[in-house]
Amino acid sequence: MAYQIDETVCVGCGACAGNCPVAAINQKGDKYKIDPETCVGCGACEPTCPVSAISKETR
Ligand code: SF4
Ligand code: SF4
């Protein structure tokens, strides 16, 4: 199950991107986005977000 970033909450700090072991988090404009095809669902990024924008995909 992939993780996702709520772009209405993300402040674009980039803290999460460097903690992803498979480099699934990439900058998109002034926000960051998780590529669901690359994400392995490890959850390492989630606690690194200062505004709790990252959560497990629900679908
Ligand atoms: S859950 Fe793991 S693999 Fe997926 S984006 Fe976060 S750190 Fe990367
Ligand atoms: S750590 Fe959180 S606020 Fe910062 S870029 Fe990642 S998702 Fe956005």
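This text goes with the structure placed above it.
Residues numbered from 1 in each chain as written. Chains lettered and ligands numbered in written order. Predicted model: local features only at pLDDT ≥ 70, side-chain atom pairs only at ≥ 80, totals over all residues. Heavy atoms only, no water.

### Focus on the site of ligand 2
Line of reasoning, step 1. Surveying the vicinity of ligand 2 reveals 13 residues, the closest of which are Cys10, Cys13, Gly14, Cys16 and Cys49.
Line of reasoning, step 2. Residue classes in the shell around ligand 2 are distributed as 11 nonpolar, two polar and no charged. (Near = heavy atom within 4 Å. Nonpolar A, V, L, I, M, F, W, Y, C, P; charged D, E, K, R; others polar.)

### Some points on the side chain of Glu57
Line of reasoning, step 1. The topology assignment puts Glu57 in the segment after β4 (54-56).
Line of reasoning, step 2. Excluding anything up to four places from it in sequence, Glu57 contacts Met1, Ala2, Tyr3, Gln4 and Pro36. (Helix = DSSP H or I, 4+ residues; strand = E, 2+ residues; numbered from the N terminus. Contact = heavy atoms within 4.5 Å.)

### Quick word on the environment of Thr48
Line of reasoning, step 1. Take Thr48: it is sitting in the loop between β3 (31-34) and β4.
Line of reasoning, step 2. Since its relative accessible area comes to 23%, Thr48 is described here as partly exposed.
Line of reasoning, step 3. Thr48 sits 10 residues away from Thr58 along the chain, and the two C-alpha atoms are 20 Å apart.
Line of reasoning, step 4. Aside from chain neighbours lying at most four places away, what touches Thr48 is Ala15, Cys16 and Asn19.
Line of reasoning, step 5. At 2.6 Å, the side chain of Thr48 and the backbone oxygen of Cys45 are in polar contact. (Buried < 20%, exposed > 50% of the residue type's maximum accessible area, 1.4 Å probe, protein only. Polar contact = N/O pair within 3.5 Å; in protein donor to acceptor, adjacent residues only side chain to side chain.)

Geometric values such as these leave the question of function open.
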